[in-house]
Amino acid sequence: MKLFITFILTITFSVSLVYSQISERKFVSINNKKMAYKTFGIKNRKINEPIVVFESGLGSGGGSYGSLFPFIEHGFAGIVYDRNGIGESEIDSLVRTDIEVVKRLHDLLSTLTISPPYLLVGHSIGGPFIRLYAAQYPDEVCGLFFIDPTDFMLTKEEDDQVKSSTASKTGYRELLTINFKNILKDPSTTKGFRYEVQRELQESTPDFFKNYTSLPPLIDIPVTVMISYNKYIEQYETTMNENLKLGINLIPWWKELDDLRIKHYAEMIKNNRSSKLVLLPRYSHGIHHQDPKLVAQELVNAYETCLRSYNNM
């Protein structure tokens, strides 16, 4: 488990370095707590043009998108930020649920007088966050862009079926809880990261992503979903499986979970025009680090689609 935690923290630290090297962060007080952010292209943004708003994965600040900046920062306006407790943003003890996470993002955009429409980008657990934002503030969102998002739609029945059909002892939902608890036990976990993990543990205990179970249907906006599948089994996964005696048959287990995630996101966007699902075999979870040019091009395409769709409303 220590290897898994080190893997997560290494990614978080390295992408934050990229962020600090290529940009100067700014700070603003939201609910009397300092929040760090960076904007680009704001001065050239015209009325009713979308702005791209980036939401990062677990424990990652805005720097997690640093690899994309060379390909996008002159193409449109955008904002990246650090959630409360992550990077250089202060912990806000009032942010206890994902609904409050997206409210803080809404407050940040309002305070900075960055007006809609927003094209929201979310990687990993940032995917559920942007879906929740679209549910809370549908009139502000002109499009969604998911980069290998977490499957918040996985049901207990589906998870149990994967365990049964792959002869595995542990399901994905249980593994997520195990990972969260072990991160919290690790003394090297930073206070801010610990607070974020504790919040996400509560969000999925006892019910998995409980604030997402009754979301209204997604509004008809352009959506791009990029999903990696049939990925290589990482050494930390094998080590964790053995050390914790999880009893997971990793290759078939991941295959079935991949199939379900693809099915869920395809179902989510089935009524959304100008939308697409991009499947990337043998890619890693960090698609935008592995192939930033590909992701940047898809994001540019999504922006142009949002621009056309919004102006035709």
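These remarks concern the structure in this document. Computed from a prediction, not measured in an experiment: that's the story for all the values here.

**What to know about the packing of helix α5 (residues 156-165) against helix α9 (residues 250-268)**
Link 1 in the chain: Running from N to C, α5 and α9 cross one another at 150 degrees; their axes reach a closest spacing of 9 Å. In terms of orientation, α5 and α9 fall into the roughly antiparallel class. Seen from above, α5 lies across α9 with right-handed handedness. Within the contact between the two elements, α5 uses E158, D159, V162 and S165 and α9 uses W253, E256, L257, L260, K263 and H264.
Link 2 in the chain: Residues of the contact of α5 with α9, tallied by class, amount to 4 nonpolar, 2 polar and 4 charged.

**Quick notes on the pairing of strand β6 (residues 141-147)**
Link 1 in the chain: Counting buried positions over the 7 residues of β6 gives 7, a clear majority of the element.
Link 2 in the chain: When strand β5 (residues 118-123) meets β6, the two strands line up parallel, connected through 6 bridges. Bridging across to β6, L120 finds its partner in L144.
Link 3 in the chain: Read as a crossover between parallel neighbours, the route from β5 over helix α4 (residues 126-136) to β6 is right-handed.
Link 4 in the chain: Here β6 runs beside strand β7 (residues 223-229); their pairing, made up of 4 bridges, is parallel. Across the sheet, the residue bridging to F146 is V225, located in β7.

**A word on the pattern of salt bridges**
Link 1 in the chain: Inspection of the entire model under this criterion finds 19 salt bridges.
Link 2 in the chain: E196 serves as the salt-bridge partner of R83, at 2.8 Å between the closest nitrogen and oxygen. Taken as a pair, R83 in the loop between β4 (77-81) and α3 (98-111) and E196 in helix α7 (residues 191-203) lie far apart in primary sequence, 113 residues in all.
Link 3 in the chain: Under the relative-accessibility criterion, R83 is labelled buried at 3%.
Link 4 in the chain: On the basis of relative accessibility, which here comes to 1%, the residue E196 falls in the buried class.
Link 5 in the chain: Across the pair D258 and R261 runs a salt bridge, and its minimum N-O distance is 3.9 Å. In this pair, D258 and R261 are both assigned in helix α9, 3 residues apart and thus about one turn of the helix distant.

**Brief notes about the packing of aromatic side chains**
Each aromatic ring pair is characterised by the separation of its centres together with the angle its planes make.
Link 1 in the chain: Using the criterion set out here, one finds 16 aromatic pairs in the structure.
Link 2 in the chain: Note on Y172 and W253: the rings are 6.5 Å apart at their centroids and 40 degrees apart in plane angle, and the pair reads as tilted. Of this pair, Y172 sits in helix α6 (residues 172-185) while W253 sits in helix α9, placing them 81 residues apart in sequence. Across the pair, exposure class does not vary: Y172 and W253 are buried alike.
Link 3 in the chain: Taken together, F146, F152, Y172, F208, F209, Y212, W253, W254 and Y265 form an aromatic cluster joined through their ring pairs.
Link 4 in the chain: One Lys or Arg, K38, reaches over the ring of F69 and ends 4.9 Å from the middle of that ring.
Link 5 in the chain: Just above the ring of Y232 sits the side chain of R282; from NZ or CZ to the centre is 4.0 Å.

**Quick notes on the nonpolar core**
Link 1 in the chain: Counting residues in each nonpolar core, the largest one holds 63 residues, and the members touching the most others are I79, Y133 and L144.
Link 2 in the chain: With 8 residues, the top contributor of residues to this core is α9.
Link 3 in the chain: Of all hydrophobic cores here, the second largest spans 25 residues; its members include L68, V121, V278 and L299.

**Re unusual backbone geometry**
With the exception of glycine, most residues fall at negative phi, and the peptide bonds are largely trans.
Link 1 in the chain: Omega for the bond connecting P116 with P117 falls within 30 degrees of zero, at 10 degrees, which places this linkage in the cis form.
Link 2 in the chain: Here P117 is to be found in the loop between α3 and β5.
Link 3 in the chain: Of note, the amide linkage connecting T205 to P206 takes the cis form, showing an omega dihedral of -5 degrees.
Link 4 in the chain: Secondary-structure assignment places P206 in the loop between α7 and β7.
Link 5 in the chain: In this structure, N48 takes a positive phi of about 70 degrees despite not being glycine.

Parameters and conventions
Residues numbered from 1 in each chain as written. Predicted model: local features only at pLDDT ≥ 70, side-chain atom pairs only at ≥ 80, totals over all residues. Heavy atoms only, no water. Axes fitted to C-alpha atoms, helices over the stretch in contact; angles between N-to-C directions. Helix = DSSP H or I, 4+ residues; strand = E, 2+ residues; numbered from the N terminus. Parallel < 35°, antiparallel > 145°, perpendicular 65-115°, else oblique. Left-handed = near helix turned anticlockwise from the far one by under 90°. Contact = heavy atoms within 4.5 Å. Nonpolar A, V, L, I, M, F, W, Y, C, P; charged D, E, K, R; others polar. Buried < 20%, exposed > 50% of the residue type's maximum accessible area, 1.4 Å probe, protein only. Pairing = 2+ DSSP bridges. Right-handed = clockwise from strand over helix to strand, strands pointing away. Salt bridge = Lys/Arg side-chain N within 4 Å of Asp/Glu carboxyl O. Phe/Tyr/Trp six-rings, centres within 6.5 Å; stacked < 30°, edge-to-face > 60°. Lys NZ or Arg CZ within 6 Å of the ring centre and 35° of its normal. Core = buried A, V, L, I, M, F, W, Y, C linked by side-chain atoms within 4.5 Å.

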